[in-house]
Amino acid sequence: MRRLIKGLYKIMGKVIAVVNQKGGVGKTTTAVNLATCLAAAKKKVLLIDLDSQGSMTTCMGINRGILTRCVYDFLFGSASFDDTIVKPVFADIDLIPATMDLAGFDLRALEFEEREFLLDKAIRNYTSQYDYVILDCPPTLGLITLNALYAANSVLIPVLCQFLAVDGLTQLLNTIRIIQKNKKLNNKELAIEGVLLTMLDKRLKKSWEIISEIKEYFGEKVFKTFITLNVAAQVAPSYGKPVVIYDPKSASAKLYKELTKELIRNNEREN
């Protein structure tokens, strides 16, 4: 039975929500670079932008101004899955983009009784086509983020190497615990994929103290790979590219490649 369950899990593909209700922690940067590196590793990847600002869509070189369909249309059935998919020019990735239309999600979702499960219902018939589905979430714990958590198998949490970083995670962790309990009732799980420390300034003693604090709190769930401060990562989005494409020799690009290898190894061990 255990082998059968693992086999089914592998067939379904893994849905990872990149979540932190705090903005500016590197969620989108992590999502686009992780997806691009997974694709380079010959993994089949679906990337879904769930932020109405559409930053991830822009970072993947997609002009939001010419889009006629987005994730909002897909979620509410006015566009099919295939018709919503767009392709970045630099990576073999399927991408469901976001536009400002998504800002109306909460109001429209009120029409539905099971409004927290709209994303899960929309993608469940398509996840088997992919090895990984990456959900880039907005910097809130609103209804769209709840949809992502209910649709996900695991949560990747980017955390700044700054003072009180752990304290700011309390609300998110409480939300995850509630959803974990709810999902167990339906024989589903929501695991912590890992905590990713971002924007590390190696020169500051305080940064290392924060790392120790977060490791003490999360233990083995902290990724061994840390993302350091790097100019290339800050500049890359303005060119509509992940840093691993914009400057593949930069420190950030190398670190995101290492992160991807670590994530793949972790999942291979689980399977």
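Attention in this report is confined to the structure presented alongside it. (Residues numbered from 1 in each chain as written. Predicted model: local features only at pLDDT ≥ 70, side-chain atom pairs only at ≥ 80, totals over all residues. Heavy atoms only, no water.)

### Concerning the nonpolar core
With 57 residues, the main nonpolar core has I48, L50, F105, L135, I157 and I214 as its most contacted residues. Among the elements that line this core, the one with the most residues is helix α8 (residues 143–151), at six residues. Among residues more than four places away in sequence, those in contact with F105 are Y72, L75, F76, L118, L143, I144 and N147. (Core = buried A, V, L, I, M, F, W, Y, C linked by side-chain atoms within 4.5 Å. Buried < 20%, exposed > 50% of the residue type's maximum accessible area, 1.4 Å probe, protein only. Helix = DSSP H or I, 4+ residues; strand = E, 2+ residues; numbered from the N terminus. Contact = heavy atoms within 4.5 Å.)

### Considerations on the environment of L259
Along the polypeptide, L259 turns up in helix α13 (residues 251–270). Classification of L259 by relative accessible area gives buried; the value is 0%. Separated by 33 residues in the primary sequence, L259 and F226 place their C-alpha atoms 8.1 Å from one another. Every residue in contact with L259, bar those within four places of it in the chain, is listed here: T30, L196, F223 and T225.

### A look at the packing of aromatic side chains
Here the structure, examined in full by the defined rule, presents 10 aromatic pairs. Between F74 and Y126 the ring centres are 6.3 Å apart and the planes differ by 65 degrees, which places this aromatic pair in the edge-to-face class. With F74 in helix α4 (residues 71–75) and Y126 in the loop between α7 (118–123) and β4 (132–136), this residue pair connects regions lying 52 residues apart in the sequence. Its relative accessible area of 7% is what places F74 among the buried residues. A connected cluster of aromatic rings, assembled from ring pairs, spans Y72, F76, F105 and F112. Directly above the aromatic system of F76 lies the positively charged group of R108, at a separation of 4.6 Å from the ring centroid. (Phe/Tyr/Trp six-rings, centres within 6.5 Å; stacked < 30°, edge-to-face > 60°. Lys NZ or Arg CZ within 6 Å of the ring centre and 35° of its normal.)

### Observations concerning the sheet that holds strand β3 (residues 93–96)
Strand pairs in the sheet, formed through backbone hydrogen bonds, run parallel or antiparallel to each other. Spatially, the six strands line up as an open sheet ordered β3-β2-β4-β1-β5-β6, and their pairing is parallel. Each edge of the open sheet carries a strand with a single partner, namely β3 and β6 (191–198). Geometrically, the sheet is characterised by an average inter-axis angle of 20 degrees between neighbouring strands, direction not taken into account. Pairing geometry for strand β5 (residues 154–160) and β6, over seven bridges, is parallel. When the bridges of β6 are listed, I157 appears paired with V195. Lying on the sheet, helix α2 (residues 27–40) is in contact with β1 (14–18), β2 (45–49), β3, β4, β5 and β6; it crosses β4 at an angle near 165 degrees. (Pairing = 2+ DSSP bridges. Axes fitted to C-alpha atoms, helices over the stretch in contact; angles between N-to-C directions.)

### What about the packing of α2 against α13?
Two numbers describe a pair of packed helices, the interaxial angle and the distance between the axes. With their axes 9 Å apart at the nearest point, α2 and α13 run at an angle of 70 degrees to one another. By the criterion of interaxial angle, the relationship of α2 to α13 is roughly perpendicular. Judged by the twist between their axes, the crossing of α2 over α13 is right-handed. Here T29, T30, N33, L34, C37 and L38 of α2 come into contact with α13, specifically with Y256, K257, L259, T260, L263 and I264. Residues of the contact of α2 with α13, tallied by class, amount to seven nonpolar, four polar and one charged. (Parallel < 35°, antiparallel > 145°, perpendicular 65-115°, else oblique. Left-handed = near helix turned anticlockwise from the far one by under 90°. Nonpolar A, V, L, I, M, F, W, Y, C, P; charged D, E, K, R; others polar.)

### A look at unusual backbone geometry
Non-glycine residue K42 carries a positive phi angle of around 70 degrees. Tracing the backbone shows K42 in the loop between α2 and β2.

### What to know about the state of the cysteines
The term disulfide refers to a covalent linkage connecting the sulfur atoms of a pair of cysteines. Under the counting rule described, the total for this entry stands at zero disulfides. Unpaired in this structure, C59 has its nearest cysteine sulfur neighbour in C37, at a distance of 14 Å. On the accessibility criterion, C59 (10% relative accessible area) is buried. Of the cysteine sulfurs around C161, a residue in no disulfide, the closest is that of C37, at 19 Å. Look at C161 and you get buried, because its relative accessible area is 7%. (Disulfide = S-S within 2.5 Å.)

### Things to note about α13
With 20 residues, α13 extends 29 Å between its outermost C-alpha atoms, agreeing within 8% with the 28 Å of an ideal straight helix rising 1.5 Å per residue. Turning to α13, its buried residues are S252, A253, Y256, L259, T260, E262, L263, I264, N266 and N267. (Expected span 1.5 Å × (residues − 1).)

### Here we look at the environment of F163
For F163, the position within the fold is in the loop between β5 and α9 (170–184). Note: C-alpha distance between F163 and L110 (53 residues apart in sequence) is 38 Å. Residues in contact with F163, not counting those within four places in the same chain, are K206 and I210.

### Quick notes on the environment of T30
Position of T30 among the secondary structure elements: in helix α2. Sequence spacing of T30 and V18 is 12 residues, and the spatial spacing of their C-alpha atoms is 7.9 Å. Once you skip the residues sitting within four places of it in the chain, T30 turns out to touch L156, P158, L196, Y256 and L259.

Spatial relationships are all this shows, so hold off on functional conclusions.
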